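Geometric and topological summary
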Amino acid sequence: MIATLLFGGMLLYDSLTLRGKMKGPAVWLYSLITAACLYMSIDYVLNKDWFDYFDVVEQILGGPAKQISSMLGVKG
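So, here is what we can say about the structure in this document. (Residues numbered from 1 in each chain as written. Predicted model: local features only at pLDDT ≥ 70, side-chain atom pairs only at ≥ 80, totals over all residues. Heavy atoms only, no water.)

**With respect to the side chain of T34**
Mapped onto the elements, T34 comes out in helix 2 (residues 25–46). The contacts of T34, once residues within four sequence positions are left out, are F7, M10 and L11. (Helix = DSSP H or I, 4+ residues; strand = E, 2+ residues; numbered from the N terminus. Contact = heavy atoms within 4.5 Å.)

**Considering unusual backbone geometry**
Phi angles above zero are rare outside glycine, and N47 is one such case at about 55 degrees. By the secondary structure assignment, N47 is in the loop between helix 2 and helix 3 (53–72).

**Here we look at a nonpolar patch on the surface**
Together, L38, Y39, I42, Y44, V45, L46, W50, F51, V56, V57, I60 and L61 make up a nonpolar patch on the protein surface, roughly 1,200 Å² of accessible area in all. Put simply, the parts of the chain that give the nonpolar patch at least two residues each are helix 2 and helix 3. Sort the elements by how many residues they give to the nonpolar patch and helix 2 lands first, with six residues. On the secondary structure map, L38 appears in helix 2. The class for L38 is partly exposed, based on a relative accessible area of 36%. (Patch = residues over 30% accessible without salt bridge, like charges linked within 9 Å, V, L, I, M, F, W, Y side chains within 5 Å. Areas by Shrake-Rupley, 256 points an atom, 1.4 Å probe, with all protein chains shown as cover. Salt bridge = Lys/Arg side-chain N within 4 Å of Asp/Glu carboxyl O. Buried < 20%, exposed > 50% of the residue type's maximum accessible area, 1.4 Å probe, protein only.)

Printed below as a string of structure tokens:
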């Protein structure tokens, strides 16, 4: 409930403050970041094990990280 009120207040303030000041790519970037924050906050509040940033990094960098660790002799 509190997170919803805070997020709604932030969106209201930003919409009033930034109206007409952002164009094209800036609007898309703001929307993307806001959507990601909303998704992660819902994941946190509901305490669900949804797909998050760590899973993305693990998929992209997991293989090279394991190769580097094995090359250095690090166990883990």
